[in-house]
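# Architecture and fold: a report
Spelled out from the first residue to the last, the chains are:
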Amino acid sequence: MPPSLALIVFVVVQLTPGWVAAAAIPKLCDRLSLTARVATAVALSIVQLILVGLVLISIGLATPAGIVAVNVAITVALVAAGRHQLRRDWVAAVAATRRYRPEWQSAVVIVIIGAVVGITVWKAFQNLPATASAWGYAADTAEILDAGGLPETNFQYGDEVPFAATKTAGFAWLGSLRAFTGIGFTRSIQMLPLALLFGAMVATWAIIRSFAGRLAAAGGILLLFFEYPAHSLFVVKYSRLTVEGAGITLGLLALWAVIAADTEDVPGLRWLAAAMMVLAGLTHGVSAFITVVLVASYQLARI
């Protein structure tokens, strides 16, 4: 699959299943703003990808064909359940397109987001990361897809050691993304961080939009994810393939769900936040710690 098409598939796979799932939940969509609906869709999509991956890994059927088949089957079933809401979504989208009038704020937001995404994508294809961990995570993901489950051993810094199952949720997510795109080993090192970055940017946008306007949200993305002001913060986790990056994305989505449960007045989103926090813990210890700090800080700020 060409890289440009794979990038589109990353977005579709991490948006469509959750959009359909939200439509299948009675009255949920009526209570969510558009920003919250998109963030909910991304969060639910990622949860589905990871849970399906974990189940298939546990029974030794986590092959690319198996991952794609099960996820597609679940989404098709949910389309049937949420068909009435999906029809209303289509009508609303057509009406909004006809009413839309360009605004200067929208243009500024598009330029900022476009610059961050464009430069990040451009840099991703300039060279392969030289870090051993990036190659190791890509190799572990490939071995799981080849075996259909967790291998007994893997190599770390030249030594053969027992395969650590503590990061399985991250590998389930990365493996699912590879299954849908069919990208090769070296391409996965370059492109999978971009897929993780998509979720992180959606979460960041939704978090800031819960309290401020579009320009503030675009500025937050610029500060957190553009290379130069944030080189030592988030960019370092998304400029190369790491499961910590996957876990941080889950943590940001968990924080958004906790906030949205209050701002959108949808208490059920706390269950989604809990699921994201558990999955972050099953991805990497560092991301689990960061997730707890983020959520706890918000809760303390509300006191």
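Coordinates for the structure precede this section.
Residues numbered from 1 in each chain as written. Predicted model: local features only at pLDDT ≥ 70, side-chain atom pairs only at ≥ 80, totals over all residues. Heavy atoms only, no water.

## Concerning the overall build of the chain
Defined as follows: The numbering of helices and of strands both runs from the N terminus, where a helix is a DSSP run of H or I of at least 4 residues and a strand a run of E of at least 2. Radius of gyration here is computed from C-alpha atoms only, and the compact-globule reference equals 2.2 Å multiplied by the residue count raised to the power 0.38. A 1.4 Å probe rolled over the protein chains alone gives each residue an accessible area, and that area as a share of the maximum for its type sets the label: buried under 20%, exposed over 50%, partly exposed in between. Contacts were defined at the residue level, with two residues in contact if any of their heavy atoms lie within 4.5 Å. Only the protein chains shown count as cover for residues, and the accessible areas themselves come from Shrake-Rupley with a 1.4 Å probe. In summary, the charge assignment counts Lys and Arg as positive and Asp and Glu as negative, without counting His or the chain termini. Note on charges: their place is set at NZ of Lys, CZ of Arg, CG of Asp or CD of Glu.
When you go through the chain residue by residue, the secondary structure sums to 14 helices and two strands. For a compact globule of 303 residues, the expected C-alpha radius of gyration is about 19 Å, and the chain comes in at 19 Å, within 12% of that figure. Scored against the burial criterion, the 303 residues of the chain give a buried share of 46%. Of the contacts made within the chain by residues no fewer than 6 positions apart, 72% connect residues no fewer than 24 positions apart. Here the chain has roughly 14,300 Å² of accessible surface; of this, 69% comes from carbon and sulfur atoms. For the chain, the separation between the mean place of its 19 positive charges and that of its 14 negative charges on side chains is 15 Å.

## Structural notes on the nonpolar core
Filter applied, for reference: Grouping buried Ala, Val, Leu, Ile, Met, Phe, Trp, Tyr and Cys residues that are joined through side-chain atoms within 4.5 Å yields what is termed a nonpolar core.
Membership of the largest hydrophobic core comes to 83 residues, with the highest contact counts inside it found for Ile50, Trp173, Phe225, Leu250, Trp256, Leu269 and Met276. Per-element accounting of this core gives the leading share, 14 residues, to helix α12 (residues 243–263). When sequence neighbours within four positions are dropped, the list of residues in contact with isoleucine 50 reads Ala169, Ala172, Trp173, Leu250 and Leu279.

## Thoughts on the packing of aromatic side chains
The condition that has to hold: For Phe, Tyr and Trp, rings pair up if their centres lie within 6.5 Å, where Trp contributes its six-membered ring, and each pair is then called stacked (planes under 30 degrees apart), edge-to-face (over 60) or tilted (otherwise).
For the coordinates displayed, the defined rule picks out two aromatic pairs. Centroid distance tryptophan 135 to phenylalanine 185: 5.8 Å. Interplanar angle 45°. Geometry classified as tilted. Pair noted here: tryptophan 135 is in helix α7 (residues 132–147) and phenylalanine 185 is in helix α9 (residues 185–209), with a separation of 50 residues, a long-range link. Since its relative accessible area comes to 32%, tryptophan 135 is described here as partly exposed. When its relative accessible area of 31% is taken as the criterion, phenylalanine 185 is described as partly exposed.

## A few points about the packing of helix α3 (residues 34–58) against helix α4 (residues 64–81)
Rules: Only C-alpha atoms enter the line fits that serve as axes; for helices the fit covers just the stretch in contact. Angles between N-to-C directions range over 0 to 180 degrees. An angle below 35 degrees is read as roughly parallel, one above 145 as roughly antiparallel, one from 65 to 115 as roughly perpendicular, and any other as oblique. Handedness of each helix crossing follows the sense of rotation of the near helix against the far helix: counterclockwise by less than a right angle gives left-handed, clockwise gives right-handed.
The contact between α3 and α4 brings their axes to 10 Å, and the two run at 130°. On the basis of their axis angle, the class for α3 and α4 is oblique. Along this stretch, α3 crosses α4, giving a crossing that reads as right-handed. Counting all contacts with α3, which are made through Gln48, Leu49, Val52 and Leu56, the residues of α4 involved are Gly66, Ile67, Val70, Asn71, Ile74, Thr75 and Leu78.

## What about α7?
To keep it simple, the criterion reads: Each residue after the first adds 1.5 Å to the expected span of a helix.
With 16 residues, α7 extends 22 Å between its outermost C-alpha atoms, agreeing within 8% with the 22 Å of an ideal straight helix rising 1.5 Å per residue. Ala134, Tyr137, Ala138, Asp140, Thr141, Ala142, Ile144 and Leu145 are the residues of α7 that are buried. At the C-terminal side of α7, glycine 148 shows a positive phi close to 80°.

## Brief notes about α12
The periodicity of an α-helix, 3.6 residues per turn, causes residues three or four places apart in sequence to face the same way. Taking 1.5 Å per residue, 21 residues should reach 30 Å; α12 reaches 30 Å between its end C-alpha atoms and fits that length. For α12, the buried fraction is high: 19 of the 21 residues fall into the buried class.

## Section: the layout of surface pockets
As a reminder, the rule being used: In the cavity and pocket records, a cavity denotes points on a 1 Å grid over the protein atoms alone where a 1.4 Å probe fits but cannot get out, a pocket denotes an open set with protein on both sides within 12 Å along at least 5 of 7 lines, and lining residues are residues with an atom within 4 Å of a point. Grid points are joined across faces, edges and corners, and a volume is the space filled by probe spheres set on the points.
The calculated volume of the largest pocket comes to roughly 1,100 Å³. As for the largest pocket, its lining consists of 30 residues, and the residues nearest its centre are Leu34, Val38, Val109, Val202 and Trp205. Of all the secondary-structure elements, those providing two or more residues to the lining of the largest pocket are α1 (3–13), α3, α5 (83–99), α6 (104–124), α9 and α10 (214–225). The dominant element in the lining of the largest pocket, judged by the number of residues it contributes, is α9, at eight residues.

## A look at unusual backbone geometry
Among all residues save glycine, negative phi is the norm, and among peptide bonds the norm is trans. Backbone geometry at aspartate 265 places phi at a positive 55°, although glycine is not the residue there. Note that aspartate 265 resides in the loop between α12 and α13 (269–281). Judged by relative accessible area, aspartate 265 falls into the exposed class, the value being 52%.

## A look at the pattern of salt bridges
How we decide: When a carboxyl oxygen of Asp or Glu lies within 4 Å of a side-chain nitrogen of Lys or Arg, that pair is called a salt bridge.
On inspection of all chains with the given rule, the structure shows one salt bridge. The shortest N-O distance in the salt bridge between arginine 270 and aspartate 262 comes to 2.6 Å.

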